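Listed here are the chains, written in short residue letters.
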Amino acid sequence: MATEWHQDGDIYQYPQNLFYTLLNAKIVPPVGGYTAFIDLRRAYQEADPSIRDKYEGAKYIFDTDNNPDFEDIKDPSRIPKITHDTIFTHPVRGEKSFYPCTQYGKVELRDGSTEPAKVLLNLITKDAPYYEHHYSVNDLIIFDDSQVLH
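Residues numbered from 1 in each chain as written. Predicted model: local features only at pLDDT ≥ 70, side-chain atom pairs only at ≥ 80, totals over all residues. Heavy atoms only, no water.

*Asks:* So, the sheet that holds strand 7 (residues 106–108): which residues are in play, and what are the values?
*Replies:* One open sheet accounts for 4 strands, arranged 4-3-7-8; its pairing is antiparallel. In this open sheet, the two edge strands, each paired with only one partner strand, are strand 4 (83–85) and strand 8 (114–116). Averaged over neighbouring strand pairs, the angle between their axes works out to 30° when direction is ignored. For strand 7 and strand 8, the ladder comprises 3 bridges, and the chain directions are antiparallel. Bridge assignment links Glu-108 to a residue of strand 8, and that residue is Thr-114. (Pairing = 2+ DSSP bridges. Helix = DSSP H or I, 4+ residues; strand = E, 2+ residues; numbered from the N terminus. Axes fitted to C-alpha atoms, helices over the stretch in contact; angles between N-to-C directions.)

Spelled out as structure tokens, the structure:
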């Protein structure tokens, strides 16, 4: 299973963060060689109503602090402040889903308090069913990054 659940695109502001990811296996290692996925629409639908209510209107705030992908950036002011709704309504289908992004940001709740983004991420992933794809050479996986954790 993944050690760091995430969504790609959290560094882009809506609607630039809406994209599909393509994973194409050209070489498959003898150990590993898989990607796990969690359906964020299902996670939202099956979440306790109190959890959905807590995160309705909350904002994920992208943060480079402690994010290993950004440890080489010398001037963090070059990264714009990016926020995302933690509950996302798909612009085509109109379905709601969680949008937790990564564990490195923070979430600002409606009352103005903040919590680490990993709190929401852990709530979603704790007991969630997931699909684990074990690659064969030339497999092609395409997914909507706004709808799944991987």
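This is not the end of the story, as more comes after the structure.
*Asks:* Hey, could you go over a nonpolar patch on the surface for me, with residue numbers and the actual values?
*Replies:* On the surface, Tyr-20, Leu-22, Leu-140 and Ile-142 cluster together into a nonpolar patch covering about 440 Å² of accessible area. Relative to the helices and strands, Leu-140 resides in strand 10 (residues 140–144). Among the residues examined, Leu-140 registers a relative accessible area of 48% and is labelled partly exposed. (Patch = residues over 30% accessible without salt bridge, like charges linked within 9 Å, V, L, I, M, F, W, Y side chains within 5 Å. Areas by Shrake-Rupley, 256 points an atom, 1.4 Å probe, with all protein chains shown as cover. Salt bridge = Lys/Arg side-chain N within 4 Å of Asp/Glu carboxyl O. Buried < 20%, exposed > 50% of the residue type's maximum accessible area, 1.4 Å probe, protein only.)

*Asks:* So what's going on with the layout of surface pockets? Residues and values would help.
*Replies:* Empty space among the atoms becomes apparent when a probe as large as a water molecule is rolled across them. As a volume, the largest pocket reaches approximately 310 Å³. Ala-43, Ala-47, Leu-123, Ile-124 and Ala-128 are the residues nearest the centre of the largest pocket, which is lined by 19 residues in total. Only strand 2 (34–39), helix 1 (40–46) and helix 3 (117–125) provide two or more residues apiece to the lining of the largest pocket. Considering only residue class, the lining of the largest pocket consists of 13 nonpolar, no polar and 6 charged. (1 Å grid on protein atoms, 1.4 Å probe; cavity = no way out; pocket = protein on both sides within 12 Å on 5 of 7 lines; lining within 4 Å. Points joined across faces, edges and corners; volume = space filled by probe spheres on them. Nonpolar A, V, L, I, M, F, W, Y, C, P; charged D, E, K, R; others polar.)

*Asks:* Go over the nonpolar core, please, and point to the residues and values.
*Replies:* Core analysis: the largest hydrophobic core is formed by 25 residues, its most contacted members being Trp-5, Tyr-55, Phe-98, Val-107, Ile-124 and Leu-149. Contributing elements (two or more residues each) for this core: strand 2, helix 1, strand 5 (87–89) and helix 3. Not counting residues within four places of it along the chain, the set of residues in contact with Val-107 comprises Tyr-55, Ala-58, Lys-59, Tyr-60, Thr-86, Ser-113, Thr-114, Glu-115 and Ala-117. The next biggest cluster of nonpolar side chains, apart from the first, holds 6 residues, and it includes Tyr-135, Ile-141, Phe-143 and Val-148. (Core = buried A, V, L, I, M, F, W, Y, C linked by side-chain atoms within 4.5 Å. Contact = heavy atoms within 4.5 Å.)

*Asks:* Describe in detail the packing of aromatic side chains, supporting the description with residues and values.
*Replies:* According to the stated counting rule, one finds 5 aromatic pairs in the structure shown. Taking 6.3 Å as the distance between ring centres and 65° as the angle between the ring planes, the aromatic pair formed by Trp-5 and Tyr-130 counts as edge-to-face. In this pair, Trp-5 is assigned in the segment before strand 1 (20–24) and Tyr-130 in the loop between helix 3 and strand 9 (131–134), connecting sequence segments 125 residues apart. A relative accessible area of 9% places Trp-5 in the buried class. Ring plane angle 40° and centroid distance 5.6 Å describe the contact between Phe-88 and Tyr-99, whose orientation is recorded as tilted. Highlighted residues: Phe-88 in strand 5 and Tyr-99 in the loop between strand 6 (96–98) and strand 7, separated in sequence by 11 residues. Classification of Tyr-99 as buried rests on a relative accessible area of 1%. Put simply, the rings of Phe-37, Tyr-131 and Phe-143 pair up and form one aromatic cluster. (Phe/Tyr/Trp six-rings, centres within 6.5 Å; stacked < 30°, edge-to-face > 60°.)

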